[in-house]
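# Examining the three-dimensional arrangement
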Amino acid sequence: MSADLFTAPDYFQVDDLLSDEHKLVRDSCRAWVKKEVTPIIEEYAQKAEFPAHLVKGLADLGAFGPTIPQKYGGGGMDYISYGLMMQELERGDSGVRSTASVQGSLVMFPIHEFGTEEQKMKFLPKLASGEILGCFGLTEPDHGSDPAGLTSNIVDKGNHYLLNGAKMWITNANLADVSVVWAKDENGDIRGLLVEKGMEGFTAPEMHGKWSLRASATGELVFDNVKIPKENLFPDIKGLKGPLSCLNSARYGIAWGAVGAAMDCYDSSLRYAKERIQFGKPIASFQLIQKKLAEMITEITKAQLLAWRLGTLKNEGKATPQQVSMAKRNNVEIAVDIARQARQIHGAMGITDEYSIMRHMANLESVMTYEGTHDVHLLITGMDITGINAFS
Ligand code: TGC
Ligand code: FAD
């Protein structure tokens, strides 16, 4: 890959809306991505391997549980800092951001929100320091957009629960030391439990053959009469609102992260268009190229402002899940469009690993599907504004 010359666009002076602490967090994350991620990520994506050596650096940056209280090893930061981190990580690669999203929002968040004090003390500090990795198992082979129908189940056996079922498409499944798993109890209520690596009857094979998020590990979780100690159950949370409330936090991170991928595509396109000569002129002098670049920066600016405003609402405890859905859907969509336009601007070079464009484009196809598909988020907005459920 070419040298990382990334310069972040900021057309509406969003920087002025950030505190010194926000800028410090953003800049240290940006520098880390330049030093550690961009030099190696194409190679790992080409060989479809998770760059496990980045885990320690992510932890040192504070990317694992930035909003979790420091008492449990988290960063104790606000939601703007968290968002900026996700933006910078996804500027490097969506899979690197995924690792941070899953560890922080989908593993540490539920343990902090729903776990007992013992569960918090046992897992959170080690997750924050990257000593252990976690994963989040909601999706099943037959239940993706409709997790209410999930069939993984636990049966109360007196001194333990017996867990059966299977999860699919789980980020970091094969690497996880602890899996947050959602299964139904004998009353049909969805419950959350902590499944630990090495428990008898539990396997987590890696899935292969992805054209997207190739530098991120994805796998299955298979439970065959796994004995789960009673102390590994989240005691009080019941129903779909448990896993869905974790998604609010992760989807929020994606709303920022997608802006990072879009910025990288725009920045590379602007530079390439000014340098590439055709018909005796830089291609940036042609109106059709300028139209693409102008539309990219317009959409990035709107997405930055949407993410920032959502962050301030989250800091005030006022952001609704429906607002999160709108931001996730919009920002991923504009990022996918920008990656496609960027690929055209780069011509044939755009399909090579000299540039990050094609990798971002392929990654963003997964981002559009996971954490609720593009159309699921549209229907969430539709239901919010009409009061009518169009899902079923
Ligand atoms: P519905 O009847 O609407 O709701 C059931 C209960 O849940 C509550 N609720 C929420 N609570 C918190 N946050 C939200 N966002 C919530 N949405 C709903 C709701 O109030 C209700 O509570 P209660 O007390 O009345 O029981 O549920 P539904 O079955 O009709 O489904 C609604 C729908 C389709 C929106 C939901 O199922 C959905 O969001 N589906 C998409 C599934 C999804 O996003 N899966 C993601 C899996 S994890 C993942 O992809 C990780 S990728 C990781 C990475 O690498 O980054
Ligand atoms: P489906 O639900 O089968 O949807 C197929 C199509 O039908 C979509 O276009 C969808 O929008 C549409 N559709 C479905 N229902 C409706 C409706 N009512 N109205 C209109 N259209 C509808 N899950 C986890 O639990 N943990 C993870 O860590 C995780 N990581 C992932 C990593 C990757 C790389 C990927 C690709 C997925 C991951 N997922 C994870 C799963 C992800 O959340 C699901 O793929 C997603 O929720 C969609 O489910 P599905 O793929 O089964 O699609």
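Above: the structure in question.
Residues numbered from 1 in each chain as written. Chains lettered and ligands numbered in written order. Predicted model: local features only at pLDDT ≥ 70, side-chain atom pairs only at ≥ 80, totals over all residues. Heavy atoms only, no water.

## Some words on the packing of aromatic side chains
In plain terms, the rule: Ring pairs are drawn from Phe, Tyr and Trp, using the six-membered ring of Trp, whenever the two centres fall within 6.5 Å, and their geometry is named by plane angle: stacked under 30 degrees, edge-to-face over 60, tilted for the rest. Think of it this way: any DSSP run of H or I at least four residues long counts as a helix, any run of E at least two long counts as a strand, and we number them from the N terminus. Three labels apply to residues, based on accessible area from a 1.4 Å probe with only protein chains included: buried if under 20% of the type maximum, exposed if over 50%, partly exposed otherwise in between. When the NZ atom of lysine or the CZ atom of arginine is within 6 Å of a ring's centre and also within 35 degrees of its normal, the charge is said to sit over that ring.
According to the stated counting rule, one finds eleven aromatic pairs in the structure shown. Relative to Tyr252, the ring of Tyr79 has its centre 5.6 Å away and its plane inclined at 80°; by these criteria the two rings are edge-to-face. Here Tyr79 is found in helix α3 (residues 79-92), whereas its partner Tyr252 is found in helix α6 (residues 241-275), with 173 residues between them in sequence. Both residues of the pair, Tyr79 and Tyr252, count as buried. Each ring, one from Tyr82 and one from Tyr252, has its centre 5.9 Å from the other, and the planes form 35°; the classification is tilted. Residue Tyr82 is located in helix α3, and its partner Tyr252 is located in helix α6; the two are separated by 170 residues in the primary sequence. We note that Tyr82, like Tyr252, is buried. Taken together, the ring pairs connect Phe114, Phe136, Trp182 and Phe234 into an aromatic cluster. The residue whose ring lies beneath Lys47 is Tyr44, and the NZ or CZ to ring-centre distance is 4.3 Å. Just above the ring of Tyr161 sits the side chain of Lys230; from NZ or CZ to the centre is 5.1 Å.

## So, the site of ligand 1
Counted only if it meets this: The cutoff for a nearby residue is simple: one of its non-hydrogen atoms must lie within 4 Å of the molecule or strand. Pairs of N or O atoms are called polar contacts if they sit within 3.5 Å, as long as, within protein, a hydrogen donor faces a hydrogen acceptor (for residues adjacent in sequence, only side-chain-to-side-chain pairs). Under the convention used here, a 1.4 Å probe and the Shrake-Rupley method define accessible areas, while residue burial counts only the protein chains that appear. Here the term charged refers only to Asp, Glu, Lys and Arg, the term nonpolar to Ala, Val, Leu, Ile, Met, Phe, Trp, Tyr, Cys and Pro, and the term polar to all other amino acids, Gly among them.
The local shell around ligand 1 holds 24 residues, among which Ser98, Thr171, Asn248, Arg251 and Glu371 are the closest. For ligand 1, a nitrogen atom lies 2.9 Å from a polar atom in the backbone of Ser145. In the complex, the protein chains occlude 71% of the 1,100 Å² of accessible area that ligand 1 would expose alone. At six residues, the largest contribution of residues to the shell around ligand 1 is made by α6. Classifying every residue of the shell around ligand 1 gives twelve nonpolar, eight polar and four charged.

## Details of the pattern of salt bridges
Rule in force here: Salt bridges are identified by distance alone: a Lys or Arg side-chain nitrogen within 4 Å of an Asp or Glu carboxyl oxygen.
Counted under the stated rule, the structure contains 22 salt bridges. In this structure, the salt-bridge partner of Arg271 is Asp267, at a minimum N-O distance of 2.4 Å. Within this pair, Arg271 and its partner Asp267 are both found in helix α6, separated by four residues, close to a single helical turn. Judged by its relative accessible area of 22%, Arg271 falls in the partly exposed class. For Asp267, a relative accessible area of 8% translates into the label buried. A salt bridge links Glu299 to Lys302, with the shortest nitrogen-to-oxygen separation between them at 2.9 Å. Taken together, the residues span about one helical turn, with Glu299 and Lys302 both in helix α7 (residues 287-315) at a distance of three residues. One continuous salt-bridge network, built from bridges that share partners, spans Asp4, Arg91 and Asp264.

## Looking at the environment of Lys318
Filter applied, for reference: Contacts were defined at the residue level, with two residues in contact if any of their heavy atoms lie within 4.5 Å.
Within the secondary structure, Lys318 sits in the loop between α7 and α8 (321-345). Overall, Lys318 belongs to the exposed group, its relative accessible area being 52%. Leave out the neighbours within four places in its chain, and Lys318 touches Leu313 and Gln323.

## Looking at the nonpolar core
Where a protein is soluble and globular, its nonpolar side chains tend to be buried together. Stated formally: For the purposes of this section, nonpolar cores are sets of buried Ala, Val, Leu, Ile, Met, Phe, Trp, Tyr and Cys residues that join through side-chain atoms within 4.5 Å.
Judged by nonpolar contacts, the single largest core of 66 residues is most densely connected at Trp32, Leu89 and Trp182. Those residues in contact with Leu89 that sit more than four places away from it in its chain are Cys29, Trp32, Val33, Leu58, Leu61, Ala63, Val96, Arg97 and Ala100. In this structure, Leu213, Met263, Val336 and Ala339 belong to the second largest nonpolar core, which totals 35 residues.

## Points about α6
Note the following rule: For a helix, the expected span equals 1.5 Å multiplied by the residue count minus one.
Helix length check: α6, at 35 residues, gives a terminal C-alpha distance of 51 Å against a target of 51 Å (1.5 Å per residue), a fit within 8%. Within α6, 28 of the 35 residues are buried, which leaves the element mostly enclosed by the surrounding structure.

## What to know about the pairing of strand β1 (residues 134-137)
Heads up, the condition is: DSSP calls a pair of strands paired once it identifies at least 2 bridges connecting them.
On β1, burial covers both faces: Gly134 and Phe136 on one face and Cys135 and Gly137 on the other are all buried. The pairing of β1 with strand β4 (residues 178-184) spans four bridges and is classified as parallel. In the sheet register, Phe136 faces β4, and the bridge partner there is Val180.

## Here we look at the pairing of β4
Of all seven residues in β4, seven are buried; the element is thus mostly enclosed. Because side chains alternate across β4, one face comprises the buried residues Val178, Val180, Trp182 and Lys184, and the other comprises Ser179, Val181 and Ala183, equally buried. Following β4, the chain reverses through five residues before pairing antiparallel with strand β5 (residues 190-196); Gly188 in that reversal takes a positive phi of roughly 85°.

Worth remembering: the numbers are spatial, not functional.
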